[in-house]
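Here is what each chain is made of, one letter per residue.
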Amino acid sequence: MTATATASTAATGTAPPPPRRTKRRYGPGTLTVATWIIAILFVFPLLWMILTAFKQENDAYTDPPKLFFTPTFDQISNVLNSGFLPYLGNSAFVTVISTLLVLLLGIPAAYALSLAPVKGTKNALGFFLSTKMLPIVAAIIPLYVISQNTNLLDTVWALIILYTAMNLPLAIWMMRSFFLEVPGEMIEAARIDGANLPTLLRKIIMPVVAPGIAATALICVIFSWTEFFYAVNLTAARAGTVPVFLVGFITSEGLYWAQLSAAALLASLPVMIVGWIAQNHLVRGLSMGAVK
């Protein structure tokens, strides 16, 4: 501090303003490079799985790994010929039916808990959330006994019931947040015009929350398709799903990386296709309510 500044401070009794700090601004090029690096880190395991699926087993075990090789469809053909399609059909059936049941039960529940709340709504929401806190391993023995006594063991219907119960609380919570974004004026106007509850849901509310419902359905599809613990413990030969099929490639002789990668590619391909088709609805649904 100079003598002049000291004298001025002593005369006025105030301290001089602090020096301005220049903000460091990152250019668009830096953000672009950082975005690409993050994207590559997330996508790299998927790309490596795809590359390995088209290798021979001896090429998959090389150290360092081979980036240039002759692609082959032998591993994919071996997976298809080893009984993959029945497992794929079981997974598709269980996933589609359980997701439809979740939407059929969850949409009215989400409407009741958001736009027509009654006494005890918060308790119901807390109960739905508490059902996700129980470790599934703690319930597997009672579920196994119940499935055995009701002749549901090793059937797709046991998985449909469990997957519906597993995804329903999460779906209700998600769809409730989407229903809360529906303008109350629209609902009041429809009621004044004489719309009953089914008409109100079908023509007024559903078009508004459709992206959110699509996002909820996609998440339920992913959770049902990738669920392993229930499937491996409650199914055997008839109702096995794709995750159970993948376990068959883990043997005492070691891992067949190329075949395992080919099976994983075929197993994840349906979900990736569904996600690619519904990506716009997924983004719109997950961003509902983010901007007022």
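Quick note: structure is the one above.
Residues numbered from 1 in each chain as written. Predicted model: local features only at pLDDT ≥ 70, side-chain atom pairs only at ≥ 80, totals over all residues. Heavy atoms only, no water.

### Let's talk about the overall build of the chain
Part 1 of the argument: Of the regular secondary structure elements, the chain holds 14 helices and 2 strands.
Part 2 of the argument: In the chain, which comprises 292 residues, the proportion classed as buried is 32%.
Part 3 of the argument: Of the contacts formed within the chain by residues at least 6 apart in sequence, a portion of 75% connects residues at least 24 apart.
Part 4 of the argument: If you sum the accessible surface of the chain, you get close to 18300 Å²; carbon and sulfur atoms cover 70% of it. (Helix = DSSP H or I, 4+ residues; strand = E, 2+ residues; numbered from the N terminus. Buried < 20%, exposed > 50% of the residue type's maximum accessible area, 1.4 Å probe, protein only. Contact = heavy atoms within 4.5 Å. Areas by Shrake-Rupley, 256 points an atom, 1.4 Å probe, with all protein chains shown as cover.)

### A few points about the side chain of T99
Part 1 of the argument: By the element assignment, T99 lies in helix 5 (residues 84-114).
Part 2 of the argument: Assessed through its relative accessible area of 7%, T99 is described here as buried.
Part 3 of the argument: Not counting residues within four places of it along the chain, the set of residues in contact with T99 comprises A217, C220 and V221.

### Considering the pattern of salt bridges
Part 1 of the argument: The full count for this structure, using the stated rule, is 2 salt bridges.
Part 2 of the argument: Between R191 and E188 there is a salt bridge whose closest N-O contact spans 3.9 Å. Highlighted residues: R191 and E188, both in helix 9 (residues 184-192), separated by 3 residues, approximately one helical turn.
Part 3 of the argument: Note on R191: relative accessible area 39%, which makes it partly exposed. (Salt bridge = Lys/Arg side-chain N within 4 Å of Asp/Glu carboxyl O.)

### A short note on the environment of S114
Part 1 of the argument: Assignment of secondary structure puts S114 in helix 5.
Part 2 of the argument: In the structure, S114 is positioned 58 residues away from I172 in sequence and 10.0 Å away in space, judged by C-alpha atoms.
Part 3 of the argument: At 2.6 Å, the side chain of S114 and the backbone oxygen of A110 are in polar contact. (Polar contact = N/O pair within 3.5 Å; in protein donor to acceptor, adjacent residues only side chain to side chain.)

### A word on the packing of aromatic side chains
Part 1 of the argument: If you walk through the whole model with that rule in mind, you get 6 aromatic pairs.
Part 2 of the argument: Consider the rings of F54 and F73, whose centres lie 5.4 Å apart with planes at 90°: the pair is edge-to-face. Pair noted here: F54 is in the loop between helix 2 (28-53) and helix 3 (57-60) and F73 is in the loop between helix 3 and helix 4 (74-81), with a separation of 19 residues, a long-range link.
Part 3 of the argument: With relative accessibility at 58%, the residue F73 sits in the exposed group.
Part 4 of the argument: The structure contains a cluster of three or more aromatic residues connected by ring pairs, namely F84, Y87 and F245. (Phe/Tyr/Trp six-rings, centres within 6.5 Å; stacked < 30°, edge-to-face > 60°.)

### Describing unusual backbone geometry
Part 1 of the argument: Positive phi is not limited to glycine here, since N151 has a value of about 60°.
Part 2 of the argument: Take N151: it is sitting in the loop between helix 7 (140-149) and helix 8 (156-179).
Part 3 of the argument: With relative accessibility at 66%, the residue N151 sits in the exposed group.
Part 4 of the argument: Non-glycine residue D154 carries a positive phi angle of around 60°.
Part 5 of the argument: Within the secondary structure, D154 sits in the loop between helix 7 and helix 8.
Part 6 of the argument: Of the residues examined, D154 reaches a relative accessible area of 12% and is grouped as buried.

### A few points about the packing of helix 10 (residues 197-226) against helix 13 (residues 257-277)
Part 1 of the argument: Direction vectors running N to C along helix 10 and helix 13 enclose 175°, while the axes themselves pass 11 Å from each other. For the element pair helix 10 / helix 13, the angle class is roughly antiparallel. Across the interface between the two elements, L218, I222 and W225 of helix 10 pack against A267, P270, V271, V274 and G275 of helix 13.
Part 2 of the argument: Classifying every residue of the contact of helix 10 with helix 13 gives 7 nonpolar, 1 polar and no charged. (Axes fitted to C-alpha atoms, helices over the stretch in contact; angles between N-to-C directions. Parallel < 35°, antiparallel > 145°, perpendicular 65-115°, else oblique. Nonpolar A, V, L, I, M, F, W, Y, C, P; charged D, E, K, R; others polar.)

### Observations regarding the packing of helix 8 against helix 10
Part 1 of the argument: With their axes 9 Å apart at the nearest point, helix 8 and helix 10 run at an angle of 140° to one another. Considering the angle they form, helix 8 stands oblique to helix 10. Both helix 8 and helix 10 take part in a crossing whose hand is right-handed. Along its contact with helix 8, which presents Y163, M166, N167, L170, A171, M174, M175, F178 and F179, the element helix 10 presents L201, I205, V209, G212, I213, T216, I219, C220, F223 and S224.
Part 2 of the argument: Of the residues contributing to the contact of helix 8 with helix 10, the split by class is 15 nonpolar, 4 polar and no charged. (Left-handed = near helix turned anticlockwise from the far one by under 90°.)

Read these as spatial facts, not as claims about activity.
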